[in-house]
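Here is how the chains run, residue by residue.
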Amino acid sequence: MVTQFDIAQSFFLESSVVDDAVAVYITSVELYFEDKPLTNKSATGLYQPGVSIYICPVSNDQPDIDSVIEASRARLEWSSITTDGTAETATKFLFTRPILVSTDRPYAFLVSFDGSDNDFKLWLSKSGDTFINTSTQASVSAGYNDGNFYRITNGSVLTKTTDADLKFKVNIAKFSTLSQTYLFREKKYEYFNIIPGSLSGNLKVGEWVWQNTAAQTGTADIAQLSSGRATPFISGTGTNFSANFAAGDYIVISDGTTGNTNIRVVSSVTNTTFLTLDEYPHFTNNSASFYKAPVAQMYLNDKKSDHIFLYNSNANSTLSFANNAYVKGEDSGAQVQIKFLKDLPVQRVLSQIGVITPGLTSAQSSINFANSIYQTSDSNKIDVPTGKRRFIDTYPAVIGTRSLMAVNGNTSLFTGGFSVNGQITLTSTNQYSSPYIEEEDLDIFTYRYELNNDSTNEETGNGSATSRYISKSVILGDQQDAEDLIVFATAYLPQNTAIKIYGKLLNDEDYEPLDAKNWTPLEEVSPVNYVSSSKNKNDVVEKQYKIPSYYSDETILSGYAQCATSNDVILTTSDLTATVNATSNSLIRVYNEGAPNNFFVDRVSSSNSTSITISNAVTNGSFNTTGLKIALISNTNKYSAFVNPQNRNVVRYYTNSLAPKDTYKIFVMKIVLLSPDKFRAPLVKDIRAIAVSA
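Residues numbered from 1 in each chain as written. Predicted model: local features only at pLDDT ≥ 70, side-chain atom pairs only at ≥ 80, totals over all residues. Heavy atoms only, no water.

> Got a sec to walk through the nonpolar core? Specific residues and values, please.
Among soluble globular proteins, nonpolar side chains are generally buried collectively. Counting residues in hydrophobic clusters, the biggest one holds 32 residues, and the most contacted among them are L485, I499, I501, L505, L522, I547 and Y664. Secondary structure elements with two or more residues in this core: β38 (484–492), β39 (498–506), β42 (541–546), β51 (650–654) and β53 (666–674). A total of 8 residues in this core trace back to one element, the largest contributor, which is β53. Setting aside residues no more than four positions away along its own chain, I499 makes contact with A491, L493, Y545, I671, V672, L673, P682, L683 and V684. Counting residues in hydrophobic clusters, the runner-up holds 30 residues, among them L13, A21, V24 and I81. (Core = buried A, V, L, I, M, F, W, Y, C linked by side-chain atoms within 4.5 Å. Buried < 20%, exposed > 50% of the residue type's maximum accessible area, 1.4 Å probe, protein only. Helix = DSSP H or I, 4+ residues; strand = E, 2+ residues; numbered from the N terminus. Contact = heavy atoms within 4.5 Å.)

> Provide a residue-level description of the sheet that holds strand β25 (residues 307–311), including the pertinent values.
Around the barrel, which closes on itself, the 6 strands sit in the order β16-β25-β24-β17-β26-β27 with antiparallel pairing between neighbours. Shown here is a sheet whose adjacent strand axes are inclined to one another by a mean of 45°, direction ignored. Pairing geometry for strand β24 (residues 295–302) and β25, over 5 bridges, is antiparallel. Directly across from M298, in β25, lies its bridge partner L310. (Pairing = 2+ DSSP bridges. Axes fitted to C-alpha atoms, helices over the stretch in contact; angles between N-to-C directions.)

> Could you give me a rundown of the pattern of salt bridges, with the residues and numbers involved?
Enumeration according to the criterion identifies 22 salt bridges in this entry. Residue K160 pairs with D61 through a salt bridge whose shortest N-O separation is 2.4 Å. Pair noted here: K160 is in strand β12 (residues 157–161) and D61 is in the loop between β4 (51–59) and β5 (62–63), with a separation of 99 residues, a long-range link. Note on K160: relative accessible area 34%, which makes it partly exposed. You can call D61 partly exposed: its relative accessible area is 29%. Taking the shortest distance from any N to any O, the salt bridge between D481 and K665 comes out at 3.7 Å. (Salt bridge = Lys/Arg side-chain N within 4 Å of Asp/Glu carboxyl O.)

> I'd like to hear about the sheet that holds strand β20 (residues 250–254), residue by residue, with values.
Spatially, 6 strands are ordered β18-β19-β22-β21-β20-β23 in a closed barrel, and the strand pairing comes out antiparallel. The sheet shows a mean angle of 45° between the axes of neighbouring strands, direction not considered. In the sheet, strand β21 (residues 261–271) pairs with strand β22 (residues 274–277) via 4 bridges, with the strands oriented antiparallel. What sits directly across from V269, in β22, is L275.

> Before we move on, can you summarise unusual backbone geometry with the specific residues and values?
Phi at A87 is positive, roughly 60°, even though this residue is not glycine. As for its placement among the helices and strands, A87 is situated in the loop between β6 (74–76) and β7 (91–102). By relative accessible area, which is 8% here, A87 ends up buried. Residues other than glycine seldom take positive phi values, yet S116 does so here, at roughly 55°. Counting through the fold element by element, S116 comes out in the loop between β8 (106–113) and β9 (121–122).

> Any chance you could break down the environment of T520 for me, citing the residues and the numbers?
Tracing the backbone through its elements, the reader meets T520 in strand β40 (residues 520–521). T520 sits 98 residues away from G422 along the chain, and the two C-alpha atoms are 47 Å apart. If sequence neighbours within four positions are ignored, T520 has contacts with I501, Y502, G503, P548, S640 and A641.

Take a look at the structure:
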């Protein structure tokens, strides 16, 4: 480090004097000053130089000045340094936080005088010197256990003095209790999506925002702080302050001018026309409007999803943010309209609580959430050891939106109306030692699943599923065009969840873009109704999928059909012209009713009340019969692939112009995850797709 040190003193902390604790906390160091520089007359020219001290380990009998312990700096200004000609009065250097050190090993404190001013003099004991007010000579024998005094030149060159020691005290913490539990809660969040396009301006992170409501009756006279007005207050005309406000309430004051809106806290209410504030507004006006409104601070504007997070909300049962209301920024003046207030679902919790646990100490943390109707249960509490991800998949855990919780009368929330109840319990068996929480590493991260239970239209590019994964395109080698597709998946499938897999294929001679193709819902081979354990994410099942035998979305038409070999006309017993015709590019599947896997698919060229003409003549003699059924392929599904039994079960799909294509050169996969619950989700551990011959 760049600090220039002037002197150092080593010391040794024996475990035997602290009940055998393996680590203790240094709270302060006391030094005894004989003299200090005169004001504006120091050797360095500094007006009133101060002093800083630091703690470092000792290695090879030398203070390791390049390894100063983090946050171990303590500083006093010149005016706080006490001098004493009798070496009785100490000057205490208090650390901003206790410094954790090990026992039974040497440390040193380093002293840095501003400007290395040598007019600072500390009391020390030196062999041969006489003790104050006595004739007794001092005898100092410095060493490993009782410490050494070091002079430092050029800020870093250490010279040990074996016949002298500073007079000093090192104070350590002694704890009054051996176990203590601390709580952590949410910061009174508001979470909502906004009406797209309603944001005007740019809300600033950290600024206060308020719900734009009707102004209170009357006007407020606002003046700036002046010598005659020591207390921030506003007076009203036509107001009823005492009925509408109480100490601790927020008040929004505005004169309607951009930038002239302030949110303040009411300190006290004197009467109907006079109240005091925590601080003055920054503008003046003798007839300003004022509001009693829900307020909060801006945390995050997620523009990608049109969601906003606020914190430090003041919402209660009579004052809360509401759907369709407008929210305005105090400083920015930006405005946005709320669409729906929402709770924030929680499915995973990751703890990153930096807790140091010296020997003889321990720490335990846990967290509990309310459910989606704001009920709580001790059985839902989970331990959250640092660095461990914990899943919540037995109830719909939420971080509640403050306004929704405030207006819900049937709540059973944690004390104080919170939806999160976190605890850290610190325990020690030694009164000189304790676990230690690093405040810069005190985080609980929560995760949520974005999924639903609707796969409608996933065959197209605009399906209803929320959670989907699309793989990279796979291009097969030259003359390696595939005739079928087999997919294997290893998946975690808790109760009521599902995984659907889709494939998209492109023939080498198909010049339509891959993006324009439909997704084919793959068919599961030998489905197994296996439910994975909710407690064990490694409880997985192997699943296999393939190109379907025929379309999954079709309508079986009324009546029966008759085909003849080498003929493209199909006779029908019912008039199907309303649903099957060339104009709508109808695609039909004709099959034997007793053997549905024996079928052919073709496009309708024309139709009348007694027959349908298809694009190709019938070639398979098994269809030279009566009693056949006709199924109309849905418009969504007719571009999907199927296994064609009329061509050795080679995969076939139809282009957007209904031209048939057999085999494929390129394929891509899509995985859709489905669940009726936000707190329970399937997981795909791995997936393998194999392009094969039929």
